[in-house]
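What follows is each chain in one-letter form.
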Amino acid sequence: MAVAIAGIAALVIGVLLGLALQRYLAGERAKQAQETAQRIIGDAEKQAETLKREALLEAKDEAFRFKADAEAESKERRKDLTALEARLLQREETLERRAEMLDKREHQISSAQGQITKREQDLEAAIAEEKARLEHLAGITAEEAKGILMHRIEEDVKHEAAAFIREQETHAREEADKRARNIIGIAIQRVAADHTAESTVSVIHLPSDDMKGRIIGREGRNIRAFEQATGINLIIDDTPEAVILSSFDPVRREIARITLESLIADGRIHPARIEELHKKAETLVEQQVHEAGEQAAFETGIHGLHAELIRTLGRLRFRTSYGQNVLKHSLEVAYLAGVMATELGIDAKIAKRAGLLHDLGKAIDHEVEGPHAVIGAELAKRLGESKEVVHAIEAHHGDTEAASIEAVLVQSADAISAARPGARRETLESYIKRLEKLEALAESHKGVEKSYAMQAGREIRIMVKPEQISDADAVVLARDIAKQIEDEMEYPGQIKVIVIRESRAVEYAK
């Protein structure tokens, strides 16, 4: 026990002695650090004082240099100012000398002006005296003589201008006719299309007359079902081994033809079979219509047509005008208009596009009232065609005045395609009779002096007697003749009636 206590006491004494020794050493280290810090501060103060003196010396040297440079620059500027002042003095002396010379010249000019004014006054007095003497001798005033002279000059100029204009107009007309004939000839030669005359199939041949009874059916149920499904009239008469399909809609008539031929080939003719084959025929014809429209656009190189325009264009495959297939006619018009546009050096795309679409209205003219040109233009406008194309379609039969080169080209191409030999089936005899009847109808009205059928019978110009028909009566006469033509004649398209009333004043020089 005593040994443990002695050990603990020795341990405590050792710890206390260690702490005392550590405190002593720390004090010695702090004292040394303080002395080192004071020494460093002293050295820094000495170094700072040295740097301060050096900076002051450098600043003084720099100031001396700036002062020397400024004095040198000032001397140089004073020298330049002295030279400039000398030049200004020299110029001032020169200007003073010039001013003196100008004063002398002004005095001389004033003197000469006075002399000139006096001479002008003397000359005016002499002219007035001479003028009065001439007026007395001539018996007219100067203003009257001037008016007579100006009138004679004006008449001479008018006569020469009229002769020159007439000569230029004649020359221009001859050149234009020659150029137009050349362009049309080139267009026709380059297109060189086959005759497009066709006949719409409306007669269906039967294998035997017994088939007529099967088509009619018991108590006529088959023929009624057929007409109800197709919307056309099926005419069965005494014609041997044939029936006739009648409808104003060529597409509907084509669907009926395919349906009836399928029924005849199948042999099973009853209402359910009629409806079934009619639906198949509708699908087939609709496909043919779409393919025909796409093929026409592809052949002419026209892109971006609305789907409805392509479909309407394809319907023209089943439409004919005087035996001429309208789709083939439209293709031909597109080719002709494009060639003529190229020859004239204008963009052929618009002309070809308008030529292809110009008869669109014929595909739907049985559904919409109005001329086919106007109907087609409205359809094209509604389906996004450009203003140029719409105008050319509307103006191709003269419903609207042609206001662009493309519209005139489409008119010309349409006339060329329809008028060339073999294009349409109308005989020369019936054509001449129709024109003669048109002129006779117009001349049958009171006050009509002469009438002329023009534009292949699409226009009639009527000359009236001005002493019998007034301007107001001319409007009424045009309306009456147009109404009579509609009631009494059959003709393709439309006929434009123009009444011309001319007043003339006639005198004789004796």
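The structure this text deals with has already been given above.
Residues numbered from 1 in each chain as written. Predicted model: local features only at pLDDT ≥ 70, side-chain atom pairs only at ≥ 80, totals over all residues. Heavy atoms only, no water.

1. What to know about the overall build of the protein
A count of helical and extended segments in the protein gives 14 helices and eight strands. Within the protein, the proportion of its 510 residues that are buried is 28%. (Helix = DSSP H or I, 4+ residues; strand = E, 2+ residues; numbered from the N terminus. Buried < 20%, exposed > 50% of the residue type's maximum accessible area, 1.4 Å probe, protein only.)

2. Details of the sheet that holds strand β3 (residues 242–246)
The strand order across the open sheet built from three strands is β1-β3-β2, with neighbouring strands paired in antiparallel fashion. Bordering the open sheet on either side are β1 (203–205) and β2 (233–235), each of which pairs with just one other strand. Each strand of the sheet is rotated relative to its neighbour by a mean of 25°, with strand direction disregarded. (Pairing = 2+ DSSP bridges. Axes fitted to C-alpha atoms, helices over the stretch in contact; angles between N-to-C directions.)

3. Considering the packing of helix α4 (residues 221–230) against helix α6 (residues 271–300)
At a minimum axis separation of 9 Å, α4 and α6 run at an interaxial angle of 25°. One way to sum up the angle between α4 and α6 is to call them roughly parallel. α4 and α6 meet at a crossing whose hand is right-handed. Here α4 contributes Arg221, Asn222, Ala225, Phe226, Ala229 and Thr230 to the contact with α6, which in turn contributes Pro271, Ile274 and His278. Considered class by class, the residues forming the contact of α4 with α6 number five nonpolar, three polar and one charged. (Parallel < 35°, antiparallel > 145°, perpendicular 65-115°, else oblique. Left-handed = near helix turned anticlockwise from the far one by under 90°. Contact = heavy atoms within 4.5 Å. Nonpolar A, V, L, I, M, F, W, Y, C, P; charged D, E, K, R; others polar.)

4. What about the pairing of β3?
It is a general feature of regular strands that their side chains alternate between the two faces of the sheet. Where β1 meets β3, three bridges bridge the pair, whose relative direction is antiparallel. Each bridged residue has a counterpart across the sheet, and for isoleucine 204 the counterpart in β3 is valine 243. Here β2 pairs with β3 via three bridges, running antiparallel. Each residue of the ladder has a partner; that of leucine 234, found in β3, is leucine 245. Remark: six residues form the turn of the hairpin made by β2 and β3, two consecutive strands paired antiparallel; glutamate 241 in that turn has positive phi of roughly 55°.

5. Thoughts on the side chain of glutamate 385
Here glutamate 385 shows up in the loop between α10 (372–382) and α11 (387–395). A residue is classified by how much of its surface remains accessible, and glutamate 385, at 10% relative accessible area, is buried. A polar side-chain atom of glutamate 385 sits 2.7 Å from a polar atom in the side chain of arginine 353. Excluding residues within four positions of it along the chain, glutamate 385 makes contact with Leu305, Leu309, Arg353, Leu357, Ala380 and Val390. (Polar contact = N/O pair within 3.5 Å; in protein donor to acceptor, adjacent residues only side chain to side chain.)

6. As for helix α8 (residues 326–344)
Given 3.6 residues per helical turn, the α-helix brings residues three or four places apart onto the same face. The terminal C-alpha atoms of α8 lie 27 Å apart, and with 19 residues this matches the ideal 27 Å at 1.5 Å per residue to within 8%. For α8, the N-terminal capping position is held by asparagine 325, with its side-chain oxygen 3.1 Å away from the main-chain nitrogen of leucine 327. Two residues or fewer after α8 comes glycine 345, characterised by a positive phi angle close to 80°. (Expected span 1.5 Å × (residues − 1).)

7. Quick word on the nonpolar core
Core analysis: the biggest nonpolar cluster contains 31 residues, and Leu305, Leu313, Leu356 and Leu357 have the highest contact counts within it. Elements with a contribution of two residues or more to this core: α6, α7 (307–315), α8, α9 (348–357), α10, α11 and α12 (405–419). Of the residues forming this core, the biggest block, five residues, is contributed by α11. Once you skip the residues sitting within four places of it in the chain, leucine 313 turns out to touch Gly293, Ala296, Leu327, Leu356, Leu357 and Leu360. In this structure, Ile215, Ile223, Leu234 and Leu277 belong to the second largest nonpolar core, which totals 18 residues. (Core = buried A, V, L, I, M, F, W, Y, C linked by side-chain atoms within 4.5 Å.)

8. Considering the pattern of salt bridges
One pass over the structure, following the stated rule, counts 18 salt bridges. For lysine 450, the salt bridge goes to glutamate 443, with nearest N and O atoms at 3.9 Å. Exposure remark for glutamate 443: the relative accessible area of 32% places this residue in the partly exposed category. Residues joined by salt bridges that share partners form a network here, namely Asp266, Arg268, Arg273, Glu276 and Lys280. (Salt bridge = Lys/Arg side-chain N within 4 Å of Asp/Glu carboxyl O.)

9. Quick word on a negative patch on the surface
Together, Glu92, Glu93, Glu96, Glu100, Asp103 and Glu106 give the surface a local cluster of negative charge. Looking at the secondary structure, you find glutamate 93 in helix α1 (residues 2–138). (Patch = residues over 30% accessible without salt bridge, like charges linked within 9 Å, V, L, I, M, F, W, Y side chains within 5 Å. Areas by Shrake-Rupley, 256 points an atom, 1.4 Å probe, with all protein chains shown as cover. Lys, Arg positive; Asp, Glu negative; His and termini not counted. Charge placed at Lys NZ, Arg CZ, Asp CG, Glu CD.)

10. What about the packing of α10 against α11?
At a closest axis distance of 7 Å, the pairing of α10 and α11 adopts a crossing angle of 165°. When the interaxial angle is binned, α10 and α11 end up roughly antiparallel. Considering the relative orientation of α10 and α11, their crossing is right-handed. Between α10, through Ala373, Gly376, Ala377, Ala380 and Lys381, and α11, the contact on the second element is made entirely by Val390, Ile393 and Glu394. Tallied by class, residues from the contact of α10 with α11 come to five nonpolar, one polar and two charged.

11. Quick look at the sheet that holds strand β8 (residues 496–501)
Think of a sheet as strands paired side by side through backbone hydrogen bonds, with each pair either parallel or antiparallel. Ordered in space as β6-β7-β8, the three strands form an open sheet in which the pairing is mixed. The open sheet has two edge strands, β6 (448–454) and β8, and neither has a second partner. Each neighbouring strand pair of the sheet contributes to a mean axis angle of 20°, computed without reference to strand direction. Pairing analysis gives six bridges linking strand β7 (residues 459–464) to β8, with the strands arranged parallel.

12. Here we look at the environment of glutamate 488
Structurally, glutamate 488 can be placed in helix α14 (residues 471–488). The spacing of glutamate 488 and lysine 437 is 51 residues in sequence and 9.8 Å in space, taken between C-alpha atoms. In contact with glutamate 488, other than residues within four places in its own chain, are Lys437 and Leu441.

13. Points about unusual backbone geometry
Here glutamate 219, not a glycine, exhibits a phi torsion of approximately 55°, which is positive. With respect to the helices, strands and loops of the structure, glutamate 219 is situated in the loop between α3 (210–216) and α4. With a relative accessible area of 72%, glutamate 219 lands in the exposed category.

14. Quick word on the environment of glutamate 406
As for its position among the elements, glutamate 406 is in helix α12. Since its relative accessible area comes to 14%, glutamate 406 is described here as buried. Each C-alpha atom, one on glutamate 406 and one on alanine 337, is 7.9 Å from the other, the two residues being 69 residues apart in sequence. Discounting residues that sit within four places of it in the chain, glutamate 406 has contacts with Ile346, Ile350, Ala351 and Ala392.

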